[in-house]
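Residue strings, one per chain:
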Amino acid sequence: MKKISLKVAVCLLAGSFLFSSCFVGQYGLWNKYISWQNHMTDNKYVNAIAGLILVPIAGTLCTLADVLVLNSIEFWSGNNPVAANNIGKTQQVMGQDGRYYAVTTLKNGYEIKAPTGEITYFIHNVENDSWSMEQDGVQKEIFRFNSDGTIQARINGETKNFTLNEAGVAEARMAANDGLFFAMN
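A quick note: this is a predicted structure, and the numbers were derived from the prediction, not measured. (Residues numbered from 1 in each chain as written. Predicted model: local features only at pLDDT ≥ 70, side-chain atom pairs only at ≥ 80, totals over all residues. Heavy atoms only, no water.)

(A) Representation of the pattern of salt bridges within the structure. For the structure on display, the rule yields two salt bridges. Between Arg99 and Asp97 there is a salt bridge, with its nearest N and O atoms 3.0 Å apart. Residue Arg144 pairs with Glu141 through a salt bridge whose shortest N-O separation is 2.6 Å. With a relative accessible area of 24%, Arg144 lands in the partly exposed category. Judged by relative accessible area, Glu141 falls into the partly exposed class, the value being 31%. (Salt bridge = Lys/Arg side-chain N within 4 Å of Asp/Glu carboxyl O. Buried < 20%, exposed > 50% of the residue type's maximum accessible area, 1.4 Å probe, protein only.)

(B) Spotlight on the pairing of strand β5 (residues 130–135). Bridging between strand β4 (residues 119–125) and β5 involves six bridges; their strand directions are antiparallel. Residue Phe122 lies in a different strand from β5, and its bridge partner there is Met133. Counted between consecutive antiparallel strands, the loop separating β4 from β5 contains four residues, among which Asp129 sits at a positive phi close to 50°. With six bridges connecting them, β5 and strand β6 (residues 138–145) associate as antiparallel partners. The partner of Ser130 across the bridge, within β6, is Arg144. In sequence, β5 turns back onto β6 through a hairpin of two residues, with Asp136 there showing a positive phi of about 50°. (Pairing = 2+ DSSP bridges. Helix = DSSP H or I, 4+ residues; strand = E, 2+ residues; numbered from the N terminus.)

(C) The sheet that holds strand β8 (residues 158–162), seen in detail. The eight strands lie next to each other as β1-β2-β3-β4-β5-β6-β7-β8, forming an open sheet whose pairing is antiparallel. A strand with exactly one partner marks an edge of an open sheet, and here the two such strands are β1 (90–94) and β8. Shown here is a sheet whose adjacent strand axes are inclined to one another by a mean of 25°, direction ignored. Two elements, β1 and strand β2 (residues 100–106), share five bridges in a ladder whose sense is antiparallel. Bridging across to β2, Met94 finds its partner in Tyr100. (Axes fitted to C-alpha atoms, helices over the stretch in contact; angles between N-to-C directions.)

(D) The side chain of Ser130, seen in detail. Position of Ser130 relative to the elements: it lies in strand β5. Of the residues examined, Ser130 reaches a relative accessible area of 1% and is grouped as buried. A polar atom in the side chain of Ser130 sits 2.6 Å from the side chain of Asn128. If near-sequence neighbours (up to four positions away) are discounted, Ser130 is found in contact with Ile123, His124, Asn125, Glu141, Phe143 and Arg144. (Polar contact = N/O pair within 3.5 Å; in protein donor to acceptor, adjacent residues only side chain to side chain. Contact = heavy atoms within 4.5 Å.)

(E) Quick peek at unusual backbone geometry. In the Ramachandran plot, Asp129 falls in the positive-phi region, its phi being about 50° despite a non-glycine side chain. Within the secondary structure layout, Asp129 lies in the loop between β4 and β5. With a phi close to 55°, Asn156 is a non-glycine residue in the positive phi region. Looking at the secondary structure, you find Asn156 in the loop between β7 (151–155) and β8.

(F) How the structure looks around the side chain of Thr120. Note on placement: Thr120 falls in strand β4. Taking the relative accessible area as the measure of exposure, Thr120 reaches 9% and is therefore buried. At 2.9 Å, the side chain of Thr120 forms a polar contact with the side chain of Gln135. The residues touching Thr120, leaving out its near neighbours within four places in the chain, are Tyr110, Glu111, Ile112, Met133, Glu134 and Gln135.

That's the geometry; what it means functionally is another story.
Dropping the structure here:
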């Protein structure tokens, strides 16, 4: 049986780090390049012709950078350095009441502006991995993630732990409705 040389072992180990998740990721650089190429002029035909010229060069470089470096960084750290950033973007979302709410993505959560002008913040605290709601300057913790995979939620003034599965959701609904469970159609 042949021994694996040190060079081969180093190459295999380096390849496992470099190519881990090379096909899974946001492909942030490629997507930014394509967005730029599609919107570089107001004429879609000029954009298409320029794309035919640029894609073999710039597209290849962007794809290689994504596959070899950026997606690996995203895999190991959870963040792609050039991925599209949604901070500050606002979307109109229809609520259960049929009215539209403006939801703005913040660095640490969301700002929700009701049609009446009332603003509510949902804030994520990284230190204790919790989500809080803030209205009129008053902040209340909604829930936090526990180290054992459960969540701790404050419902009707009482703090309880719930599992993150259907049974836990059903238990939380029961606690929120004082033990009454209503079927929804």
